[in-house]
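# Observations on the three-dimensional arrangement
What follows is each chain in one-letter form.
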Amino acid sequence: MPDALTAQVLRNALVVAAEEASIVVVRSAYSTFIVEGSDASAAVLDAGGRLIAQSMATTLMNSMALATALPEVLKDIPAHTMAEGEVYALNDAYRGGVHTNDLLVYRPVFVGGSPRYFTATMIHVSDLGGLSAGGMAPLATDIFLEGLQLPPVRLATSRGVEREIEAILRANSRTPDKVMGDVRALIAGTAVAARRLERLIDEYGEAGLEEGVDDYLRHTEERTREAIALLPEGRFESSYLIDDDGIDHDRPHAVRLALEIGGGRVLADFTGTDPQVPAAINASASQSLAAAVFGVRCFLDPTIPMNDGCLRAIDIHLPRGSLLNATPPHPCGGRFVPIYAAMEAIFQALSQAVPERAIAPSGILQPFSIAAVGAPYWIHLAYDFGGVGARPGLDGPDATGVHFGIGRNSVPQVEPVESRCPLIVESIEIIEGSGGEGLHRGGRGSRTVYRFLADAHVTTRGDRLRHAPPGRDGGSPGRLGGFFKRHLDGTLERLPSKANNVRFAAGEAFVVETTGGGGLGTPR
């Protein structure tokens, strides 16, 4: 039986190493979305691809990508060919990545002359081409329209960034200086985490750290299985209906789930989910895995660490070629839509299993970008959150969303956005009455108004803007949100939930309204 105290001490030391790396990335990056929104992730892995620790800022969707993609890096660049000081990168969605704008960066940590561990960082860099600035491209029909794809490559050596790779990145970006600033921040983060890990190797010894990590992961596995054993055994089914794919506005798409609990294990089987489509509502496997794991963990002991030990007790089946496991050349940039569908399906299945801890469906986050219509480019990437579904004994939180993809990240503050972009944030408010009625009401959505001081392009990527989050156990559905264009005469025009480069003139306003969460229980 692993020593619980030793496991906890080692866990904290490894988490601190990853946490410091993420802080370095945030403070060194150039992109507003990173600097103001703290959108950076970091992790420590071993050469077998096991997730050992992630920073407190790291989102599960990012740490799962870092863990899933590392074996792919080692396939192309074998460990025995690596040298100290080298750093590697990829963004291939079909090989563990997320989408083209998310760069995954790895640095090997050598023990006894060979790479035994890897420190990793990841952020959404400012721009790597594609249909619209910032990597949104909601109307992409294949991966090539979403931006530059990088297979596993050597990004840097101890002498600095590889000149050829830098030239490729610069040539494919609307904001080359910001991208390279972001890349150097990612590299710096891996260096800081590597130094902390080397100190742990010195402190514990090579064999001592390896044994300690094994015990720590085993301890996490045992705690996860014990928590799952407290759930009722059985089979529970649910589904989620996606509004549309942005191309065919009249065709919804479904994510379907059968969840089986028993023997200290959970099986999430997404057989029956609709096939992938040539539109930006598919997800890579790493992202769908993250959604399912997060959904299950929300019904377990929240103090259980997130690492490979937790993953051993959760089996997930993602049909290849489905919305949740896309194959080339299907686009993956709109991954938030299907992975939130998968997460919500898990929530509703477990709400059947454990009704005393049920949650009504929620309004999901609504990503969008605002950008210059031409050079010199400026880009504002953002997302607003819907209301969370009500829970037994509690109203749903307002405008926070169930944001497993966001970690501690926040919507950037108004002042730095206005200082960097030619726009004014006129108002941010809660929409009264937008949460579904019930014995406990759903969380309310929000309304944000951006008025432009110069012409701009707006790109949207939302969902649950046509099919409202239903109430549960007699509760009412939440109020639908939407994206709107406010013309100079004050009239409002509803935009599609997935729209690319909608032109706004100076003086016009972009209005973002998020969907409220469903209510729980009969209001009377």
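Preceding block: the structure.
Attention here is on the structure that accompanies the text. (Residues numbered from 1 in each chain as written. Predicted model: local features only at pLDDT ≥ 70, side-chain atom pairs only at ≥ 80, totals over all residues. Heavy atoms only, no water.)

The subject of this paragraph is the overall build of the protein chain. Summing up its helical and strand segments, the protein chain has 10 helices and 20 strands in all. In terms of overall size, the protein chain behaves like a compact globule, its C-alpha atoms giving a radius of gyration of 22 Å where 524 residues would be expected to give roughly 24 Å. With respect to the principal axes defined by its C-alpha atoms, the protein chain has extents near 70 × 55 × 40 Å. Out of the 524 residues in the protein chain, the part that is buried amounts to 62%. Only carbon and sulfur atoms are counted for the fraction: they give 52% of the accessible area of the protein chain, which is about 18,600 Å². Each charge class in the protein chain can be summarised by its mean position, and for the 47 positive and 62 negative side chains these summaries are 2 Å apart. (Helix = DSSP H or I, 4+ residues; strand = E, 2+ residues; numbered from the N terminus. Rg over C-alpha atoms; globule rule 2.2 N^0.38 Å. Buried < 20%, exposed > 50% of the residue type's maximum accessible area, 1.4 Å probe, protein only. Areas by Shrake-Rupley, 256 points an atom, 1.4 Å probe, with all protein chains shown as cover. Lys, Arg positive; Asp, Glu negative; His and termini not counted. Charge placed at Lys NZ, Arg CZ, Asp CG, Glu CD.)

This brings us to the sheet that holds strand β11 (residues 314-317). Sheet architecture is open: 4 strands sit in the order β8-β9-β10-β11, paired in mixed fashion. With partners counted over all chains shown, the strands left at the sheet margins are β8 (234-242) and β11, one partner each. Each adjacent strand pair in this sheet contributes to an overall mean axis angle of 15°, direction not counted. Pairing of β8 with strand β9 (residues 253-262) involves 9 bridges; the strand directions are antiparallel. Looking at the pairing, E237 lines up with A258 of β9. Running at roughly 145° to β8, helix α9 (residues 336-353) makes contact with β8, β9 and β10 (265-269) of the sheet. (Pairing = 2+ DSSP bridges. Axes fitted to C-alpha atoms, helices over the stretch in contact; angles between N-to-C directions. Contact = heavy atoms within 4.5 Å.)

Taking 1.5 Å as the rise per residue, α9 with 18 residues should run 26 Å; its terminal C-alpha atoms sit 26 Å apart, in good agreement. Where burial is concerned, most of α9 is hidden: 17 out of the 18 residues are buried. (Expected span 1.5 Å × (residues − 1).)

What follows is about the side chain of N500. Position of N500 relative to the elements: it lies in strand β19 (residues 498-504). At 3.5 Å, the side chain of N500 forms a polar contact with the side chain of S132. Once you skip the residues sitting within four places of it in the chain, N500 turns out to touch L131, S132, A137, P138, L139, V458 and T459. (Polar contact = N/O pair within 3.5 Å; in protein donor to acceptor, adjacent residues only side chain to side chain.)

One pass over the structure, following the stated rule, counts 11 aromatic pairs. Arranged with centres 6.3 Å apart and planes meeting at 25°, the rings of Y450 and F510 form a pair that is stacked. Residue Y450 is found in strand β15 (residues 446-452), and its partner F510 is found in strand β20 (residues 509-513); the two are separated by 60 residues along the sequence. The two residues Y450 and F510 agree in class, both being buried. Taking the centre distance of 5.9 Å and the plane angle of 75° together, the rings of F504 and F510 count as edge-to-face. A relative accessible area of 0% places F510 in the buried class. Here the aromatic residues F368, Y450, F452, F483, F504 and F510 are joined through ring pairs into a cluster of three or more. Stacked on the ring of F504, the Lys or Arg K485 has its end atom at 5.1 Å from the ring centre. (Phe/Tyr/Trp six-rings, centres within 6.5 Å; stacked < 30°, edge-to-face > 60°. Lys NZ or Arg CZ within 6 Å of the ring centre and 35° of its normal.)

A word on the pattern of salt bridges. Applying the stated criterion across every chain, the model contains 38 salt bridges. Of the charged contacts, one joins R235 and E260 as a salt bridge, the two residues approaching to 2.9 Å between their closest N and O atoms. Note that R235 is positioned in strand β8 and E260 in strand β9, a separation of 25 residues in sequence. Between K498 and D463 there is a salt bridge whose closest N-O contact spans 3.4 Å. (Salt bridge = Lys/Arg side-chain N within 4 Å of Asp/Glu carboxyl O.)

Let's shift gears to the sheet that holds strand β2 (residues 51-54). Hydrogen bonds between backbone groups are what pair the strands of a sheet, and the pairing can be parallel or antiparallel. Read from one edge to the other, the open sheet built from 7 strands follows the order β2-β1-β5-β4-β3-β6-β7, with strand pairing classed as antiparallel. Strands at the two margins of the open sheet, each flanked by one partner only, are β2 and β7 (160-161). Bridge analysis of strand β3 (residues 87-90) against strand β4 (residues 102-111) gives 3 bridges, and the strand direction is antiparallel. Paired with Y88 across the bridge in β4 is Y106.

The biggest cluster of nonpolar side chains holds 77 residues, and the ones touching the most others in it are Y106, L259, I261, F270 and I346. Among the elements that line this core, the one with the most residues is α9, at 13 residues. Residues contacting I261, with those up to four places away along its chain left out, are I228, L231, P232, E233, G234, F236, V266, L350 and A353. Of all hydrophobic cores here, the second largest spans 26 residues; its members include V26, V125, L148 and V179. (Core = buried A, V, L, I, M, F, W, Y, C linked by side-chain atoms within 4.5 Å.)

Across its 13 residues, helix α7 (residues 285-297) extends 18 Å between first and last C-alpha, which sits within 8% of the 18 Å expected from 1.5 Å per residue. In terms of residue burial, α7 counts as a mostly covered element, since 10 of its 13 residues are buried. Every buried residue belonging to α7 is among S286, Q287, S288, A290, A291, A292, V293, G295, V296 and R297, and all of these are buried. Residues of α7 that are buried make contact with α3 (60-76), β10, α8 (308-311), β11 and α9.

The description of two helices packed together rests on the angle between their axes and the distance between the axes. The interhelical angle for the contact between α3 and α7, taken along N-to-C directions, is 130°, at an axis separation of 8 Å. Considered as vectors, α3 and α7 are oriented oblique to each other. Seen along the crossing, α3 lies across α7 with a hand that is right-handed. In contact with L60, M61, M64, A65 and T68 of α3, α7 contributes S286, Q287, L289, A290, V293 and F294. Class assignment of the residues belonging to the contact of α3 with α7 gives a composition of 8 nonpolar, 3 polar and no charged. (Parallel < 35°, antiparallel > 145°, perpendicular 65-115°, else oblique. Left-handed = near helix turned anticlockwise from the far one by under 90°. Nonpolar A, V, L, I, M, F, W, Y, C, P; charged D, E, K, R; others polar.)

Next up on the list: the environment of V73. Secondary-structure assignment places V73 in helix α3. The spacing of V73 and P151 is 78 residues in sequence and 8.3 Å in space, taken between C-alpha atoms. Excluding residues within four positions of it along the chain, V73 makes contact with M82, Y88, L90, Y106 and P152.

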